Amino acid sequence: MTAIEEVFARCRAEKRAAFIPFIMAGDPGLEATPRLMEALVAGGADIIELGVPFSDPMADGPVNQAAANRALAAGTHLGDILRMVARHRDRLDVPIVLFTYYNPIHAIGLDRFAEQAAASGLDGVLCVDLPPEEAEGEYLGALRERGLDTIFLLAPTSTKDRVRIVDGASTGFVYYVSRTGVTGEQAKLPSALKKAVKRLRKKLSQPLVVGFGVSTRTQVREIGKVADGVVVGSALVRLIEEYGGADDLPQRLEALVRELTGRPAGARAEG
Amino acid sequence: MRSKYAWPDGRGYFGEFGGSFVPETLMAPLDELRKAYTQVMKHRAFKRRLGDLMSSYTGRPTPLYFAERLTEHLGGARIYLKREDLLHTGAHKINNALGQALLAHFMGKERIIAETGAGQHGVATATAAALLGLRCTIYMGTEDMRRQRLNVDRMKLLGAEVVGVDAGSQTLKDAINEALRDWVTNVRTTHYVLGSVLGPDPYPRMVRDFHRVIGDEARVQIKKQTGSASPDLAVACVGGGSNSIGLFTAFLADSRVRLIGVEAGGAGPALGRHAARFEGGRLGVLHGTRTMVLQDQDGQIATTHSVSAGLDYPAIGPEHVLLHELGRVEYYSVNDAEAVAAFHLLAKTEGILPALESSHALAEVVKRAPNMGKKMVILVNLSGRGDKDVESVLAYDAEHAGEAERQAELLIHPAARKWAGPIDEEDSQ
């Protein structure tokens, strides 16, 4: 059983959804990222989604675009991110999934990337602009050979055939994009979302995680009732934007994650 | 070459280049687009409608013009201009914009969106939207809005909403990012009229197919007007690469025709100063396609520079990379100074203001024509007209007084055939 599978098995046993926070590596600087990841874990993260900054993030809204720009301005490189993960892996007791665009991986080269990613202790990779059709063969081979989970997206526009293709190519979990659109917060979740998730979940062999536009405790709880996991990104990234220079940023981040997971202060995640 | 060249393959690849690198939300809509496109291309009524509009509305076929004074001035091969600049809206872009807008209409979409660099594709899309009664939003980098102000006003007058994009280098690349974000969000009601042979399949082949009329017409015209079976050399500028693919496609199987694509050499060879992908680029994935991309070691996309907004883009259409690899098309770059000088030269010798994009193709011709025999024929795609560039050219001249002087000397002493740019000895025929 991979570390990610273990998380979902444990969450199922505890009858709750996994909480998966997203932050951008290198925002506000790569030296800050390890402490922020620790804060996510302390607040109740079950899996961490770590963003790789890219100059042209076509699937991201303004909040994550700005985070990528800050990270790039601070000189963040994918190679440095992997080295950072390797150095701090032991102190972070949850799986880490890389959330990235394809070109930074392409630039390193698939084999070299997969080798470095596996050696760093990363658990999985989600490549936003790499659908299963383009991942088949080289990408899936390189990552799986080294024990890395390959996570793919599903969207409200995905057809039946595509659901089957995406499920077949994914390991660890499948990430369902809650709406047609880019990343970012929204006041109201689409009304058909819960129904769509319920229907979809029955068709998948992999756990189903929902993200894009989830930002409040109520939304996390509502989606948690029907999905195996919930991703919150922009709400956390916005906090980092606002308090990037503050000494107590990790405490603030931990408090926000606590609020989103509904864990009381002081209580470490069970298990 | 004749029998073997049949690209892209079923997966949208030209050799190893192309594909569909997009977020899942766009995968099913791209399938739908592929199906609709295949359907309309067999649909008699669609083809008739597009054909009628091309002849009565946009003005096809465009003339092939023998540039006699320019030919005399350069003293070598005979130069023929394919006059896409005479099309409605002033550039080749309307061929594709109208085709895709009709397709969107056929698919039942009520809204079209587009990116634009020089503004010509934006104007063409806004025009097609007005013609067909579709809502229209155009994304344009704020730097491009500044330097192509006339086209911004034209789009607004045509009823389009123009959204300025302030991210990155505030040019074409950033406009495409924003158009893709809009499309991901509104994909059910909206068709994205991508303006070049870029992006995920089916765009590179669809945009090529809508533009191949340029070369198809020129091939017949050359035969009729010059007496030669084929031109010896065909030249076009390459930003994303739509006008050049449109010109080259008809000649790919004819090995007598040397094909040259001209990239923007900008202000110098350093990364960020130009848009010459074959000189400074590496294979990468940008905006849905695997192709040559100007980028840093870490895979971050580089900013680019060109005096011409339409060539100011870090990636090139994937089919060009295959044509380059096969050696069928050669690619060279022309810098800002050479392009502006060619702009002046055509204005003064032929009374035609070319677009700064097309001026790059002309600058290449200025380098080559004098070294070619007088019986040889050069075909140049004059992809657009230069009204939109008047301000940019005046500003460039004001900033580079030295260049303007050299240009003046060139015009005063045509017999000397002095040219600021280097002439590659090996290339003379």
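Structure's up top.
Residues numbered from 1 in each chain as written. Chains lettered and ligands numbered in written order. Predicted model: local features only at pLDDT ≥ 70, side-chain atom pairs only at ≥ 80, totals over all residues. Heavy atoms only, no water.

**What about the overall build of chain A?**
(1) Moving on: Secondary structure summary: chain A contains 13 helices and 8 strands in total.
(2) Moving on: A globule of 271 residues ought to have a C-alpha radius of gyration of about 18 Å, and chain A, at 17 Å, matches this closely.
(3) Moving on: Seen along its three principal axes, the alpha-carbon backbone of chain A occupies a region of about 50 × 40 × 35 Å.
(4) Moving on: The buried share of chain A, taken over its 271 residues, is 63%.
(5) Moving on: Per element, the accessible surface of chain A, about 10,300 Å² overall, is 50% carbon and sulfur. (Helix = DSSP H or I, 4+ residues; strand = E, 2+ residues; numbered from the N terminus. Rg over C-alpha atoms; globule rule 2.2 N^0.38 Å. Buried < 20%, exposed > 50% of the residue type's maximum accessible area, 1.4 Å probe, protein only. Areas by Shrake-Rupley, 256 points an atom, 1.4 Å probe, with all protein chains shown as cover.)

**Let's talk about the sheet that holds strand β6 (residues 174–177) of chain A**
All names here are of chain A.
(1) Moving on: Taken in spatial order, the 8 strands of this closed barrel run β1-β2-β3-β4-β5-β6-β7-β8, and their pairing is parallel. In this sheet, adjacent strand axes meet at a mean angle of 25° when their direction is disregarded.
(2) Moving on: Strand direction decides the pairing type here: strand β2 (residues 48–51) and strand β3 (residues 96–100), joined by 4 bridges, are parallel. Opposite Gly51, over in β3, you have Phe99 as the bridge partner.
(3) Moving on: Across the sheet, helix α1 (residues 3–13) is in contact with β1 (18–24), β3, β4 (124–127), β5 (149–154), β7 (208–211) and β8 (229–232); its angle to β1 comes to roughly 135°. (Pairing = 2+ DSSP bridges. Axes fitted to C-alpha atoms, helices over the stretch in contact; angles between N-to-C directions. Contact = heavy atoms within 4.5 Å.)

**Structural notes on a positive patch on the surface**
Residue and element names in this part refer to chain A.
(1) Moving on: On the surface, Lys160, Lys195, Lys198, Arg199, Lys202 and Lys203 cluster together into a patch of positive charge.
(2) Moving on: Of the residues forming the positive patch, the biggest block, 5 residues, is contributed by helix α10 (residues 193–203).
(3) Moving on: Among the structural elements, Lys160 can be located in helix α9 (residues 160–169). (Patch = residues over 30% accessible without salt bridge, like charges linked within 9 Å, V, L, I, M, F, W, Y side chains within 5 Å. Salt bridge = Lys/Arg side-chain N within 4 Å of Asp/Glu carboxyl O. Lys, Arg positive; Asp, Glu negative; His and termini not counted. Charge placed at Lys NZ, Arg CZ, Asp CG, Glu CD.)

**Focus on the side chain of A:Gln186**
All names here are of chain A.
(1) Moving on: You can see Gln186 is positioned in the loop between β6 and α10.
(2) Moving on: The exposure class assigned to Gln186 is buried, which follows from its relative accessible area of 16%.
(3) Moving on: With sequence-adjacent residues up to four places away left out, Gln186 is seen in contact with Ser178, Arg179, Phe212, Gly213, Ser215 and Gln219.

**What to know about the nonpolar core**
(1) Moving on: The biggest cluster of nonpolar side chains holds 88 residues, and the ones touching the most others in it are A:Phe173, A:Tyr175, B:Leu103 and B:Tyr192.
(2) Moving on: When neighbours within four sequence positions are excluded, A:Phe173 is seen to be in contact with A:Ile4, A:Phe8, A:Ile20, A:Ile47, A:Val97, A:Ile151, A:Phe152, A:Gln206, A:Pro207 and A:Val209. (Core = buried A, V, L, I, M, F, W, Y, C linked by side-chain atoms within 4.5 Å.)

**Section: the packing of helix α6 (residues 110–120) of chain A against helix α8 (residues 138–145) of chain A**
Residue and element names in this part refer to chain A.
(1) Moving on: One way to put it is that α6 packs onto α8 with a least axis distance of 9 Å and a crossing angle of 25°. Compared by their axis directions, α6 and α8 come out roughly parallel. Crossing geometry of α6 relative to α8 is assigned as right-handed. Contact with α6, carried on its side by Leu110, Asp111, Phe113 and Ala114, involves Glu138, Tyr139, Ala142 and Leu143 of α8 and no other residues of that element.
(2) Moving on: Classifying every residue of the contact of α6 with α8 gives 6 nonpolar, no polar and 2 charged. (Parallel < 35°, antiparallel > 145°, perpendicular 65-115°, else oblique. Left-handed = near helix turned anticlockwise from the far one by under 90°. Nonpolar A, V, L, I, M, F, W, Y, C, P; charged D, E, K, R; others polar.)

**A closer look at unusual backbone geometry**
(1) Moving on: Put simply, B:Trp7 and B:Pro8 share a cis peptide bond, and its omega is 5°.
(2) Moving on: On the secondary structure map, B:Pro8 appears in the segment before β1 (13–14).
(3) Moving on: With an omega of 15°, the peptide bond running from B:Asp201 to B:Pro202 counts as cis.
(4) Moving on: With respect to the secondary-structure elements, B:Pro202 resides in the loop between β8 (190–192) and α9 (203–211).
(5) Moving on: Phi angles above zero are rare outside glycine, and A:Lys15 is one such case at about 55°.
(6) Moving on: Take A:Lys15: it is sitting in the loop between α1 and β1.
(7) Moving on: With a phi close to 55°, B:Gln170 is a non-glycine residue in the positive phi region.
(8) Moving on: For B:Gln170, a relative accessible area of 25% corresponds to the partly exposed category.

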